[in-house]
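Inside the fold
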Amino acid sequence: QLQLVESGGGLVQPGGSLRLSCAASGFTLDDYDIGWFRQAPGKEREGVGCISSRTLYTNSVVGRFTISRDNALNTVYLQMNSTKPEGTAVYYCAANPGRLLFRLCVPSAYHYWGQGTQVTVSS
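Since the model is a prediction, treat every value here as computed from it, not as a measurement. (Residues numbered from 1 in each chain as written. Predicted model: local features only at pLDDT ≥ 70, side-chain atom pairs only at ≥ 80, totals over all residues. Heavy atoms only, no water.)

**Some thoughts on the side chain of Ser21**
This is how the line gets drawn: Numbering of helices and strands starts at the N terminus; helices are DSSP runs of H or I of at least 4 residues and strands are runs of E of at least 2. Buried residues are those whose accessible area, probed at 1.4 Å on protein chains only, stays under 20% of the maximum for their type, while exposed residues exceed 50% and partly exposed ones sit between those limits. Here, residues are in contact when the closest pair of their heavy atoms is within 4.5 Å.
Relative to the helices and strands, Ser21 resides in strand S3 (residues 18–25). Residue Ser21 is classed as buried on the basis of its relative accessible area of 14%. Ignoring any residue separated from it by four or fewer positions in sequence, one finds Ser21 in contact with Val5, Glu6, Ser7, Trp36, Thr75, Val76 and Tyr77.

**A look at the state of the cysteines**
Filter applied, for reference: In plain terms, two cysteine sulfur atoms within 2.5 Å form what is called a disulfide here.
Applying the stated criterion across every chain, the model contains two disulfides. The disulfide partner of Cys22 is Cys93, and the S-S distance across this bridge is 2.0 Å. Disulfide Cys22-Cys93: the torsion about the S-S bond is 65°, which places it as right-handed. Taken together, the residues span a long stretch of sequence, with Cys22 in strand S3 and Cys93 in strand S9 (residues 89–97) at a distance of 71 residues. Considered together, Cys22 and Cys93 belong to a single accessibility category, that of buried residues. At a sulfur-sulfur separation of 2.0 Å, the disulfide partner of Cys50 is Cys105.

**Here we look at the pairing of strand S4 (residues 32–39)**
Worth spelling out the cut-off: Two strands qualify as a pair provided that DSSP identifies no fewer than 2 bridges between them.
Counting buried positions over the eight residues of S4 gives seven, a clear majority of the element. Sheet topology note: the S4/S9 ladder contains eight bridges and is antiparallel. Counterpart to Tyr32 in the pairing with S9 is Pro97. Across five bridges, the pairing between S4 and strand S5 (residues 46–51) is antiparallel. By the bridge assignment, Arg38 is partnered in S5 with Glu46. In textbook terms, the turn of a hairpin is the stretch between consecutive antiparallel strands, and for S4 and S5 this stretch comprises six residues, one of which, Gly42, has a positive phi near 75°.

Below is the structure:
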């Protein structure tokens, strides 16, 4: 059973940092492309950043967010620094088989999804 389990969400003050984790089971993370997405109330789900053979970020998080893999732990992380209130959303990790040189960082490009974790950026 392929599964992605997110953790690390919660309340963070603007400008603060938070690290989200996405633990994979039932498959080897290193064999999959991984994406982080978020969806705010009333908004479309959008890509935050995606890693295939390379890592890409949406412009709004460049320089503030970092995605990394720990293949030994079969886990991917989203390090969120300098958070902003507009970053409040449910954050999802997603995976798709195969490591491509490039994969569009859009929801339709990913098949397996975690359940999401709430991130609230507020004073």
